[in-house]
Protein chains: 2
Amino acid sequence: MTSETHPNAVAETAPVGFQEHDHQTCVKTALVSAEGRCKEEGLRLTPVRRKVLEMLLQEHRALGAYAILDRLRDEGFGSQPPVAYRALDFLVQNGFVHKIERLNAFVACSHPGASHSPAFMICRKCDAVAEAQSASAKGVLGAAARAAGFEIERTVVEAEGLCPDCTEKA
Amino acid sequence: MTSETHPNAVAETAPVGFQEHDHQTCVKTALVSAEGRCKEEGLRLTPVRRKVLEMLLQEHRALGAYAILDRLRDEGFGSQPPVAYRALDFLVQNGFVHKIERLNAFVACSHPGASHSPAFMICRKCDAVAEAQSASAKGVLGAAARAAGFEIERTVVEAEGLCPDCTEKA
DNA sequence: CTTGTCATGTTATTTCATATCATGTATTGC
DNA sequence: GCAATACATGATATGAAATAACATGACAAG
């Protein structure tokens, strides 16, 4: 399967936190900021990695690894799964991208640089994804973990439901 | 977020994982309780479904669908993926089993019947899984969701880290 | 120049999940 | 009881996500 049909394409007006915004600027800013951080920290934002990040910023919604791979192929990059997965690993590792476990898909980070314990809202209808802060490790779960002697290293917090748009339509 | 000034939130959250307990009894009890609830609600706890639930209760950790399938085959049930997935669907749908998104695996519910917004602690070393209550929809995330007009239907809360046992060994 | 490191390319395979159609088995309503 | 219906299962095939293993290239440090 190499064709990625765009089922419920969310048009050009992509939602961050389900809101309209100047998307081109937001993409550009994020890319520049990423480049900056990489330079600072001696990370190598290579062409593949940069492209993947750009794609995810552009889309502003979750993309599966194979959808990304298709686009990479179209742009003349390698077209085998590891190409995409390695780029994604790098981006996730360094906080530029998050994996949405519920969807087995990836989304560009909306708060680059910020201290990261992200939470997501995922629309089950249009697949739009909004990022918020979770800090859930400090709440009930954190307490339970301490009580149990469990050492939290990372948390996945994902809320599934209906975004404002889809709620209206229903 | 939900701060430590509300300790009562924690009281009910006995973390059922990572602890010794009378396992045979716990399995039996859970099975009986499940049977009861199915009878009450007119659900059909068929042999495959019962077996899958029993297996998951027995293991007391997350099992992948194909691991379950292998065991089903050994017990003389059908051995094709849909057999396992259908049983799992039923069990998840009705709250007897939870899917751990992070692991693409399934675990028996530890609080059968209880109001369900589960949270999990997953040991990255031994794959042990403990269930707690999350209530995360009421914390920061809930606030963010309300602000954004997002309607939460279900939440995935999974903490990854080291369980007490594995922490000791390290 | 050679050694080491990191990134990429490529092949193959494993693991997770679902669509589809055929068949069987319980209820239910007559 | 018995047919009609709904629900459950069996079986085949395929889709989709992820990784193992090995080879090559690019580049900096010694």
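In short, a report on the structure. As the structure is a computational prediction, the values presented were derived from the model and not from experiment. Residue numbers here run from 1 along each chain, matching the order of that chain's written sequence. Each chain takes a letter, starting from A, and each ligand takes a number, starting from 1, following the order in which they are written. For this predicted model, a pLDDT threshold of at least 70 governs which residues receive local features, and a threshold of 80 or more governs which side-chain atom pairs are given and counted, while totals over whole chains, interfaces and linings are taken from all residues. Where side-chain values are given, they derive from all heavy atoms of the structure, hydrogens and water being excluded.

1. Description of the interface of chain A and chain B
Point 1. In what follows, residue pairs with any heavy atoms lying within 4.5 Å of each other are defined as contacts. Taken together, the contact pairs 41 residues of chain A with 41 residues of chain B.
Point 2. When two parts are put together, the accessible area they lose, computed with a 1.4 Å probe and summed over both, is reported as buried area. Across the interface of chain A and chain B, roughly 3,300 Å² is buried in total on both sides, 61% from carbon and sulfur atoms.
Point 3. The largest share of the area that chain A buries against chain B comes from Val140, Leu141 and Phe150 of chain A, three residues that together contribute 19% of it.
Point 4. A side-chain nitrogen of Lys or Arg and a carboxyl oxygen of Asp or Glu constitute a salt bridge if their distance falls within 4 Å. Connecting chain A to chain B are six salt bridges.
Point 5. With a shortest N-O distance of 3.4 Å, Arg154 of chain A and Glu160 of chain B are connected by a salt bridge.
Point 6. Each polar contact in these results corresponds to two N or O atoms within 3.5 Å; when the atoms are within protein, one needs to be able to donate a hydrogen and the other to accept it, and residues that are neighboring in sequence are counted only if both atoms are side-chain atoms. Taken together, chain A and chain B are joined by 12 residue pairs in polar contact (both at pLDDT 80 or more).

2. Brief notes about the environment of Asn104 of chain B
Residue and element names in this part refer to chain B.
Point 1. What counts as a helix is a DSSP run of H or I of at least four residues, what counts as a strand is a run of E of at least two, and both are numbered from the N terminus. Mapped onto the elements, Asn104 comes out in the loop between β1 (97-100) and β2 (105-108).
Point 2. With a 1.4 Å probe rolled over the protein chains alone, any residue whose accessible area is under 20% of its type maximum counts as buried; one over 50% counts as exposed, and the rest are partly exposed. Since its relative accessible area comes to 41%, Asn104 is described here as partly exposed.
Point 3. Separated by 40 residues in sequence, Asn104 and Gly64 place their C-alpha atoms 6.5 Å apart.

3. What about the protein's contact with DNA strand C?
Point 1. Being near a molecule or strand, for a residue, means having at least one of its heavy atoms within 4 Å of it. Taken together, the neighbourhood of DNA strand C is formed by 16 residues, with Thr46 and Arg86 of chain A together with Tyr66, Tyr85 and Lys99 of chain B sitting nearest.
Point 2. Here a phosphate oxygen of DNA strand C and a side-chain polar atom of Thr46 of chain A are 2.4 Å apart.
Point 3. Contacts to DNA strand C include Arg86 of chain A, whose side-chain N or O atom sits 2.4 Å from a base nitrogen.
Point 4. Breaking the surface near DNA strand C down by element, the ones donating at least two residues are α2 (47-59) and α4 (81-93) of chain A together with α5 (81-93) of chain B.
Point 5. Across the surface near DNA strand C, the residue classes break down as seven nonpolar, four polar and five charged. When residue character is reported, Ala, Val, Leu, Ile, Met, Phe, Trp, Tyr, Cys and Pro are called nonpolar, Asp, Glu, Lys and Arg charged, and the others, Gly included, polar.

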